[in-house]
Amino acid sequence: MRGSPQFTHVSEDDFRIIRDNLAGGSRSTTDRLVPYCMFTDPQLARVGLSEADARRQGIDVRVARLPMSSVLRAQTTGETQGFMKALIDARHDRILGFTMIGAEAGEVVAAVQAAMLADLPYSRLRDAVLAHPTMAEGLGPLLSNVPAHAQ
(Lines give C-alpha, C1' and ligand atoms only; values in the text may rest on other atoms or scores of the structure.)
Protein backbone atom coordinates (compact mmCIF):
# COMPACT_ATOMS: atom_id res chain seq x y z
CA MET A 1 0.00 0.00 0.00
CA ARG A 2 1.32 3.44 -0.88
CA GLY A 3 0.65 6.61 1.05
CA SER A 4 -0.81 7.11 4.48
CA PRO A 5 -4.23 6.13 5.79
CA GLN A 6 -6.83 8.75 4.91
CA PHE A 7 -7.62 10.07 8.36
CA THR A 8 -8.19 13.66 9.44
CA HIS A 9 -5.27 13.48 11.88
CA VAL A 10 -2.98 12.31 9.04
CA SER A 11 -4.04 15.16 6.75
CA GLU A 12 -3.39 17.64 9.57
CA ASP A 13 0.13 16.25 9.96
CA ASP A 14 0.59 16.36 6.15
CA PHE A 15 -0.25 20.07 6.33
CA ARG A 16 2.30 20.68 9.11
CA ILE A 17 4.99 18.87 7.09
CA ILE A 18 4.24 20.86 3.92
CA ARG A 19 4.12 24.13 5.89
CA ASP A 20 7.44 23.42 7.58
CA ASN A 21 9.08 22.37 4.30
CA LEU A 22 7.86 25.53 2.55
CA ALA A 23 9.54 27.46 5.36
CA GLY A 24 12.86 25.72 4.65
CA GLY A 25 12.48 22.56 6.72
CA SER A 26 13.09 19.02 5.59
CA ARG A 27 10.39 16.96 7.30
CA SER A 28 9.00 13.76 5.82
CA THR A 29 6.19 11.27 6.33
CA THR A 30 8.70 8.40 6.43
CA ASP A 31 8.39 6.26 9.56
CA ARG A 32 5.33 8.15 10.78
CA LEU A 33 3.54 6.24 13.57
CA VAL A 34 -0.15 6.65 12.72
CA PRO A 35 -2.81 5.47 15.18
CA TYR A 36 -6.34 4.71 14.14
CA CYS A 37 -9.57 4.52 16.03
CA MET A 38 -13.04 3.44 15.01
CA PHE A 39 -15.58 5.16 17.21
CA THR A 40 -17.86 2.17 17.45
CA ASP A 41 -19.29 0.89 20.71
CA PRO A 42 -16.94 -0.30 22.06
CA GLN A 43 -14.14 1.61 20.34
CA LEU A 44 -11.41 -0.13 18.32
CA ALA A 45 -7.98 1.49 18.39
CA ARG A 46 -4.62 0.34 17.08
CA VAL A 47 -1.11 1.68 16.59
CA GLY A 48 1.97 0.00 15.17
CA LEU A 49 2.13 -3.59 14.01
CA SER A 50 -0.50 -6.30 14.23
CA GLU A 51 0.46 -9.92 14.82
CA ALA A 52 -0.10 -10.60 11.11
CA ASP A 53 2.16 -7.66 10.18
CA ALA A 54 4.91 -9.00 12.44
CA ARG A 55 4.64 -12.52 10.94
CA ARG A 56 4.76 -11.14 7.38
CA GLN A 57 7.85 -9.10 8.24
CA GLY A 58 9.54 -11.98 10.08
CA ILE A 59 9.67 -10.08 13.37
CA ASP A 60 9.79 -12.18 16.53
CA VAL A 61 7.37 -10.79 19.10
CA ARG A 62 5.99 -11.60 22.52
CA VAL A 63 2.25 -11.02 22.86
CA ALA A 64 0.40 -9.91 25.98
CA ARG A 65 -3.38 -9.97 26.24
CA LEU A 66 -5.82 -8.72 28.85
CA PRO A 67 -9.62 -8.91 28.77
CA MET A 68 -11.32 -5.61 29.53
CA SER A 69 -13.16 -7.40 32.32
CA SER A 70 -9.82 -7.36 34.19
CA VAL A 71 -9.49 -3.55 33.98
CA LEU A 72 -10.69 -1.93 37.20
CA ARG A 73 -12.27 1.09 35.47
CA ALA A 74 -14.16 -1.22 33.09
CA GLN A 75 -15.48 -3.10 36.11
CA THR A 76 -16.68 0.10 37.79
CA THR A 77 -18.45 1.36 34.66
CA GLY A 78 -19.76 -2.03 33.54
CA GLU A 79 -18.05 -1.58 30.12
CA THR A 80 -16.22 -4.91 30.18
CA GLN A 81 -16.48 -5.89 26.51
CA GLY A 82 -13.25 -6.25 24.60
CA PHE A 83 -9.55 -6.68 25.26
CA MET A 84 -6.12 -5.05 25.16
CA LYS A 85 -3.20 -6.63 23.29
CA ALA A 86 0.43 -5.55 23.05
CA LEU A 87 3.20 -6.80 20.76
CA ILE A 88 6.66 -6.56 22.29
CA ASP A 89 9.90 -6.97 20.36
CA ALA A 90 11.30 -10.32 21.49
CA ARG A 91 14.86 -9.01 21.85
CA HIS A 92 14.70 -5.32 22.74
CA ASP A 93 11.55 -5.00 24.91
CA ARG A 94 10.13 -2.19 22.75
CA ILE A 95 6.40 -1.95 22.10
CA LEU A 96 5.85 -2.69 18.41
CA GLY A 97 2.06 -2.65 18.36
CA PHE A 98 -1.04 -2.19 20.47
CA THR A 99 -4.67 -3.01 19.85
CA MET A 100 -7.62 -2.33 22.09
CA ILE A 101 -11.31 -3.00 21.72
CA GLY A 102 -13.06 -1.37 24.61
CA ALA A 103 -14.40 1.81 26.13
CA GLU A 104 -12.03 4.79 25.70
CA ALA A 105 -9.68 2.82 23.42
CA GLY A 106 -8.91 6.02 21.50
CA GLU A 107 -7.59 7.65 24.66
CA VAL A 108 -5.56 4.64 25.82
CA VAL A 109 -3.89 4.19 22.42
CA ALA A 110 -2.46 7.72 22.72
CA ALA A 111 -0.56 6.76 25.89
CA VAL A 112 0.91 3.70 24.18
CA GLN A 113 1.77 5.71 21.07
CA ALA A 114 3.67 8.22 23.22
CA ALA A 115 5.70 5.39 24.79
CA MET A 116 6.42 3.99 21.32
CA LEU A 117 7.52 7.39 20.00
CA ALA A 118 9.84 7.77 23.00
CA ASP A 119 11.24 4.28 22.25
CA LEU A 120 10.66 3.23 25.85
CA PRO A 121 10.91 -0.39 26.90
CA TYR A 122 7.47 -1.77 27.78
CA SER A 123 8.51 -2.05 31.43
CA ARG A 124 8.52 1.75 31.80
CA LEU A 125 4.81 1.86 30.93
CA ARG A 126 4.11 -1.34 32.90
CA ASP A 127 5.66 0.18 36.03
CA ALA A 128 4.23 3.71 35.63
CA VAL A 129 1.90 5.01 38.30
CA LEU A 130 -1.26 5.78 36.33
CA ALA A 131 -4.30 7.54 37.73
CA HIS A 132 -6.94 5.32 39.33
CA PRO A 133 -9.49 4.43 38.17
CA THR A 134 -8.80 4.95 34.45
CA MET A 135 -8.90 2.68 31.42
CA ALA A 136 -5.20 3.46 30.83
CA GLU A 137 -4.48 1.96 34.23
CA GLY A 138 -5.15 -1.40 32.55
CA LEU A 139 -1.81 -1.03 30.75
CA GLY A 140 -0.01 -2.13 33.93
CA PRO A 141 -1.75 -5.51 34.18
CA LEU A 142 -1.60 -5.96 30.39
CA LEU A 143 2.15 -5.41 30.24
CA SER A 144 2.64 -7.59 33.32
CA ASN A 145 1.40 -10.42 31.05
CA VAL A 146 4.32 -10.10 28.59
CA PRO A 147 5.92 -13.54 28.34
CA ALA A 148 9.52 -13.82 29.54
CA HIS A 149 12.36 -13.80 27.03
CA ALA A 150 12.84 -17.15 25.31
CA GLN A 151 15.98 -18.87 26.53
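Just so we're clear, the structure is a prediction, and the values are computed from it rather than from any experiment.

What counts and how
Residues numbered from 1 in each chain as written. Predicted model: local features only at pLDDT ≥ 70, side-chain atom pairs only at ≥ 80, totals over all residues. Heavy atoms only, no water. Helix = DSSP H or I, 4+ residues; strand = E, 2+ residues; numbered from the N terminus. Contact = heavy atoms within 4.5 Å. Buried < 20%, exposed > 50% of the residue type's maximum accessible area, 1.4 Å probe, protein only. Pairing = 2+ DSSP bridges. Axes fitted to C-alpha atoms, helices over the stretch in contact; angles between N-to-C directions. pLDDT = per-residue confidence, 0-100. Expected span 1.5 Å × (residues − 1). Arc of directions from axis to C-beta.

### Brief notes about the side chain of Gln43
Residue placement: Gln43 occurs in strand β2 (residues 43–48). Setting aside residues up to four positions removed in sequence, Gln43 forms contacts with Cys37, Met38, Met100, Ile101, Gly102, Glu104, Ala105 and Gly106.

### A short note on the pairing of strand β4 (residues 83–89)
Taken across its seven residues, β4 has six buried, putting it largely inside the fold. With seven bridges connecting them, strand β3 (residues 61–67) and β4 associate as antiparallel partners. Following the sheet pairing, Pro67 is matched in β4 by Phe83. Alignment of β4 against strand β5 (residues 95–102), held across six bridges, turns out to be antiparallel. Within β5, the position partnered with Lys85 by the bridge is Thr99.

### Let's talk about the sheet that holds β2
Spatially, five strands are ordered β1-β2-β5-β4-β3 in an open sheet, and the strand pairing comes out antiparallel. The sheet is open, and its two borders are formed by β1 (36–38) and β3, each paired with just one other strand. Neighbour to neighbour, the strand axes of the sheet diverge by 10° on average, direction disregarded. With six bridges connecting them, β2 and β5 associate as antiparallel partners. If you follow Arg46 over to β5, its bridge partner there is Thr99.

### Some thoughts on the environment of Ala103
With respect to the secondary-structure elements, Ala103 resides in the loop between β5 and α4 (105–117). Owing to a relative accessible area of 11%, Ala103 belongs among the buried residues under this scheme. Dropping the residues within four chain positions of it, Ala103 is found in contact with Pro42, Glu79 and Met135.

### Some details on unusual backbone geometry
For residues that are not glycine, phi is negative in most cases, and the peptide bond is trans in most cases. Between Asp41 and Pro42 the backbone carries a cis peptide bond, its omega angle lying at 5°. Checked against the element boundaries, Pro42 lands in the loop between β1 and β2. Between His132 and the following residue, Pro133, the backbone shows a cis peptide bond with an omega angle of -5°. Note that Pro133 resides in the loop between α5 (122–126) and α6 (139–144). Look at Asp93: it is not a glycine, yet its phi comes out positive at around 65°. The phi angle at Glu104 is positive, at roughly 65°, despite the residue not being glycine. In this fold, Glu104 is placed in the loop between β5 and α4. Judged by relative accessible area, which is 41%, Glu104 ranks as partly exposed.

### Description of the confidence of the model for the protein
In this model, the protein carries an average pLDDT of 88, and 83% of its residues clear a pLDDT of 70 or more. Model confidence for the protein, summarised as mean pLDDT per element, is weakest for helix α1 (residues 8–22) at 62 and strongest for β5 at 98.

### Quick notes on α4
Over its 13 residues, α4 runs 18 Å from end to end, which matches the ideal 18 Å to within 8%, given 1.5 Å per residue. Buried within α4 are the following residues: Ala105, Val108, Val109, Val112, Gln113, Ala115 and Met116. Across the axial projection of α4, the buried residues extend over an arc of 160°, all falling on one side. The exposed residues of α4 that point more than 90 degrees off its buried face are Glu107 and Leu117.

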